Amino acid sequence: MTQSRDIGVIGYGCTDYVKKADRPLLTFLAQAGRDAIASAGLEKSDIDGLALCSFELPPDNAVTVAEQFGLSLSWAYLGTAGGAGPIASVLNAIRAIEAGQATSVLCIAGDAYDVSGLFRLLDNFGRALTSYGSPHGFGGANGLFGIIQRKHMETYGTTREQLGRISVDQRKNAQKNEAALLRGPMTLDDYMNARVIADPIRLYDCVLPCAGAEAVVVSSLDRVPRGKGVRVLSGYEHHNHPPGEISPLRGGWELFRDALYRDAGYGPEDFDLVQAYDDYPIMVAIQLEDLGFCEKGGVGRFLEKNSFTWDGTLPLNTGGGQLSVGQSGAGGGMIGLVEAVRQLRHEAGERQVSNAQRGLVSGYGMVGYGHGLSTSSIVLERS
Amino acid sequence: MTHNDQQYPTPRVDQINSAFVEAWAEGVLRLQVCGACGQETFYPRPLCPHCWSSDLGWTEHDGKATLVSYSLVMRPNHPAFFEETPIILAEIALRDGPTMLARVICDDPTQIRSGLLLELLPAEEGKKYPLPTFRPVL
Ligand SMILES: [Zn+2]
């Protein structure tokens, strides 16, 4: 979908991340939202659209949160695509603004989890897993993505050493990010020898469930000074691809990849940074393939040839990603977007990618019977 | 019932899946078969995902299958499984049928390989597990 070149992200915000929620979910969402509005230079009264992505929000929704927040809205949206939802919410916000339904949309994503909360979530994520996953002792998402990772390793020869480069370099990025929950040093040996969780998945393939929220404001770029707005050049989402496959080695990004780059006018070689959805390194690897950074099955060699730190050959998840910052539920689908905006505004401090002009962000989520059902991607450019 | 006296979680039984759950209590694997398009489906659903017909009946499958891929779960989702790790969680392809997630029982998990032929546990052993459960054909 071609986007209006005059609309984009003009502000961003995030909460601190905590391992155990010490306050209600709504206060996390509000804190991220308030930061984003301030970063855009707007007032609360300027916000007339609200998009929310949060697993724990029901039975509340975008409209009942508007009541809690004291917002008067002409447009409201509740994401349903898990970790792919926040990017989809921004794409939908742009269309709402283009259609005249809103002028400034606040998009917030977050949850207030801890480890036990995540298991409860996965036990009750949908009828299929509750009835046909939990009774097998399936180990939540770790067990499911262990199946996918082994299939990729056996089909294409991908190795744990190769995948480990993602976790290790993201940890280096997290060491430049005070908000990250996991900042201790990690070597490839640490990664290789970590505790087995769901073989071939080990500890440093897994995210730490936590509490936190991320937010952006979508509006006309002329509301902020030059360099503080981030233009959305293109974006797409896709759901339930391929139908009927339990452990696919592709996610759906490959279906819209060509259109995404055609609309943007840029391809994989043009990005100064990539924020890929990193629930597991194997899914980052599959995204890199599906989004055309290498051929399908070739990601192992691609990982060996590149470095992924903020100053590496392909800056990837430059804030540390979910693997090192933590996964705040649906907030995990916006952490990369907020980091990309921070980088493109040249506000990333010690981890700033030099002269960052363009970035690609992608989302993934809504685990059904075996894998994530939803994917999304967005191409951003410094205005 | 397991060693640590925790019950396995069980499927939520409703009118859609009761014939499937009851059959497995006798060691039989039942799949839904669509009266309109003839395709077989796992897991049980209120409508056929291929043609959306609700005219769904049941067919028995002999449980012969191939192990497609698997993980060895050390951190199961429920305490009932804690003393049984690793849980062998597999994607399996039923012969001439759909794929499914299933648990594979094997005393020596190092013998597990993708591509192994699988069969259902015999009824007496199988009924202690809440869902159709398999073993390697050795
Ligand atoms: Zn049918």
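Residues numbered from 1 in each chain as written. Chains lettered and ligands numbered in written order. Predicted model: local features only at pLDDT ≥ 70, side-chain atom pairs only at ≥ 80, totals over all residues. Heavy atoms only, no water.

(A) Geometry of the overall build of chain B. When you go through chain B residue by residue, the secondary structure sums to 2 helices and 8 strands. Taken from N to C terminus, the helices and strands of chain B fall in the order α-β-β-β-β-β-β-β-α-β. Its C-alpha atoms give chain B a radius of gyration of 15 Å, near enough to 14 Å, the size a compact globule of 138 residues would have. When its C-alpha atoms are laid out on the principal axes, chain B stretches across 45 × 30 × 25 Å. (Helix = DSSP H or I, 4+ residues; strand = E, 2+ residues; numbered from the N terminus. Rg over C-alpha atoms; globule rule 2.2 N^0.38 Å.)

(B) Broad picture of the domain arrangement of chain B. Residues and elements named next belong to chain B. Each assigned domain of chain B is listed here: domain 1 (10-61) and domain 2 (62-137). Counting residues at the interface gives 14 residues for domain 1, matched by 21 residues for domain 2. Buried area between domain 1 and domain 2, both sides added, is near 1,300 Å², and the carbon and sulfur share of it is 72%. Considering only the surface of domain 1 that becomes buried against domain 2, Trp 24, Phe 42 and His 61 emerge as the three largest contributors, covering 54% of it. Along the contact surface separating domain 1 from domain 2 lie 4 residue pairs in polar contact (both at pLDDT 80 or more). Only helix H1 (18-24), strand E1 (29-34), strand E2 (40-41) and strand E3 (56-61) provide two or more residues apiece to the side of domain 1 that touches domain 2. Looking at the side of domain 1 that touches domain 2, its residues break down into 7 nonpolar, 4 polar and 3 charged. (Domains from an automatic or database assignment. Contact = heavy atoms within 4.5 Å. Buried area = accessible area lost by both parts, 1.4 Å probe. Polar contact = N/O pair within 3.5 Å; in protein donor to acceptor, adjacent residues only side chain to side chain. Nonpolar A, V, L, I, M, F, W, Y, C, P; charged D, E, K, R; others polar.)

(C) Main features of the coordination of the zinc ion. Residues and elements named next belong to chain B. Coordination of the zinc ion by the protein comes from Cys 34 (SG), Cys 37 (SG), Cys 48 (SG) and Cys 51 (SG), over a distance range of 2.3 Å. The site at the zinc ion holds 4 donor atoms, and with the angles between them running 100 to 116°, its shape is tetrahedral. Coordination of the zinc ion draws on donor residues from a single chain, spaced C-x2-C-x10-C-x2-C in sequence. Here Cys 48 lies in the loop between E2 and E3 and Cys 37 lies in the loop between E1 and E2, a separation of 11 residues in the sequence. Classification of Cys 37 by relative accessible area gives partly exposed; the value is 33%. On the basis of relative accessibility, which here comes to 0%, the residue Cys 48 falls in the buried class. (Donors = N, O, S within 2.8 Å, 3.2 Å for Na, K, Ca; no water. Tetrahedral: all angles 85-135°; square planar, octahedral: opposite > 155°, others 65-115°. Buried < 20%, exposed > 50% of the residue type's maximum accessible area, 1.4 Å probe, protein only.)

(D) Layout of the interface of chain A and chain B. Across the boundary between the two partners, chain A contributes 33 residues, which contact 34 residues of chain B. On the surface where chain A and chain B come into contact, there are 2 salt bridges. For the salt bridge of Arg 127 of chain A with Asp 14 of chain B, the shortest nitrogen-to-oxygen distance reads 2.5 Å. In this assembly, chain A and chain B are joined by 18 residue pairs in polar contact (both at pLDDT 80 or more). Looking at the side of chain A that touches chain B element by element, the count peaks at 8 residues for helix H6 (residues 140-156) of chain A. (Salt bridge = Lys/Arg side-chain N within 4 Å of Asp/Glu carboxyl O.)

(E) A look at the layout of surface pockets. Taken as a whole, the largest pocket holds about 850 Å³ of empty space. If you trace the largest pocket, you find 34 residues lining it, with Tyr 369 of chain A together with Phe 42, Tyr 43, Arg 45 and Pro 49 of chain B closest to the centre. The set of elements that each furnish at least two residues to the lining of the largest pocket consists of helix H5 (127-132) and strand E10 (358-367) of chain A together with E2 of chain B. Looking at the lining of the largest pocket element by element, the count peaks at 5 residues for H5 of chain A. Grouping the amino acids of the lining of the largest pocket by side-chain chemistry returns 18 nonpolar, 10 polar and 6 charged. (1 Å grid on protein atoms, 1.4 Å probe; cavity = no way out; pocket = protein on both sides within 12 Å on 5 of 7 lines; lining within 4 Å. Points joined across faces, edges and corners; volume = space filled by probe spheres on them.)

(F) Highlighting the UniProt feature "domain: Thiolase C-terminal" (unreviewed entry) in chain A. With numbering aligned to this structure, UniProt lists the feature "domain: Thiolase C-terminal" (unreviewed entry) at residues 261-369 of chain A. Counted over residues 261-369 of chain A, helix gives 33% and strand 12%. Its end C-alpha atoms are 31 Å apart. (UniProt positions renumbered as here; feature names shortened; annotations may be inferred.)

(G) Spotlight on helix H9 (residues 253-264) of chain A. Residues and elements named next belong to chain A. Within H9, burial applies to Trp 253, Phe 256, Ala 259, Leu 260, Tyr 261, Asp 263 and Ala 264. Contacts from the buried residues of H9 go to strand E8 (230-239), helix H10 (281-290), E10 and strand E11 (372-382). Positive phi shows up at Gly 265, right after H9, with a value of about 80°.

(H) Spotlight on the packing of helix H7 (residues 160-174) of chain A against H10 of chain A. Residue and element names in this part refer to chain A. At their nearest, the axes of H7 and H10 sit 9 Å apart, and the two run at 100° to each other. As judged from the angle between their axes, H7 and H10 are roughly perpendicular. Taken together, the residues of H10 that come into contact with H7 (itself represented by Leu 163, Ile 166 and Ser 167) are Pro 281, Ile 282, Val 284 and Ala 285. Of the residues contributing to the contact of H7 with H10, the split by class is 6 nonpolar, 1 polar and no charged. (Axes fitted to C-alpha atoms, helices over the stretch in contact; angles between N-to-C directions. Parallel < 35°, antiparallel > 145°, perpendicular 65-115°, else oblique.)

(I) Just the packing of aromatic side chains, in detail. All chains considered together, the criterion is met by 16 aromatic pairs over all chains. When the centroid spacing of 6.3 Å and the interplanar angle of 65° are considered together, the rings of Tyr 277 of chain A and Tyr 364 of chain A count as edge-to-face. One end of the pair, Tyr 277 of chain A, is in the loop between strand E9 (273-275) and H10; the other, Tyr 364 of chain A, is in strand E10, and 87 residues separate them in sequence. By the burial criterion, Tyr 277 of chain A is buried, and Tyr 364 of chain A matches it. Measuring from ring centre to ring centre gives 6.3 Å for Tyr 369 of chain A and Phe 42 of chain B, while their planes differ by 55°; the resulting arrangement is tilted. Separated into two different chains, Tyr 369 of chain A in the loop between E10 and E11 and Phe 42 of chain B in the loop between E2 and E3 make up a pair that spans both. Note that Arg 150 of chain A overlies the ring of Tyr 70 of chain B, its terminal NZ or CZ placed 3.8 Å from the centroid. Sitting over the face of the ring of Tyr 43 of chain B, Arg 45 of chain B holds its NZ or CZ atom 4.0 Å from the ring centroid. (Phe/Tyr/Trp six-rings, centres within 6.5 Å; stacked < 30°, edge-to-face > 60°. Lys NZ or Arg CZ within 6 Å of the ring centre and 35° of its normal.)

(J) Main features of the confidence of the model for chain B. When the pLDDT values of chain B are averaged, the result is 95; 96% of them are 70 or greater. In the predicted assembly, ipTM is 0.96 and pTM is 0.96. (pLDDT = per-residue confidence, 0-100.)

(K) Summary view of the side chain of Glu 91 of chain B. As for its placement among the helices and strands, Glu 91 of chain B is situated in strand E5 (residues 87-94). Non-local contacts of Glu 91 of chain B, meaning those with residues more than four positions away in its chain, are made with Ile 147, Lys 151, Ile 246 and Ser 247 of chain A together with Thr 66, Leu 67, Val 68, Ser 69, Thr 99 and Met 100 of chain B.

(L) Just the pairing of E10 of chain A, in detail. Residue and element names in this part refer to chain A. By the criterion of burial, E10 is predominantly enclosed, with 9 of the 10 residues buried. Pairing geometry for E9 and E10, over 3 bridges, is parallel. Its bridge partner being in E10, Gln 275 is matched across the sheet by Val 361. Across 9 bridges, the pairing between E10 and E11 is antiparallel. Looking across to E11, one finds that Val 361 is bridged to Ile 378. Once E10 ends, the chain turns through 4 residues before running back antiparallel as E11, passing Gly 370 with a positive phi of about 120°. (Pairing = 2+ DSSP bridges.)

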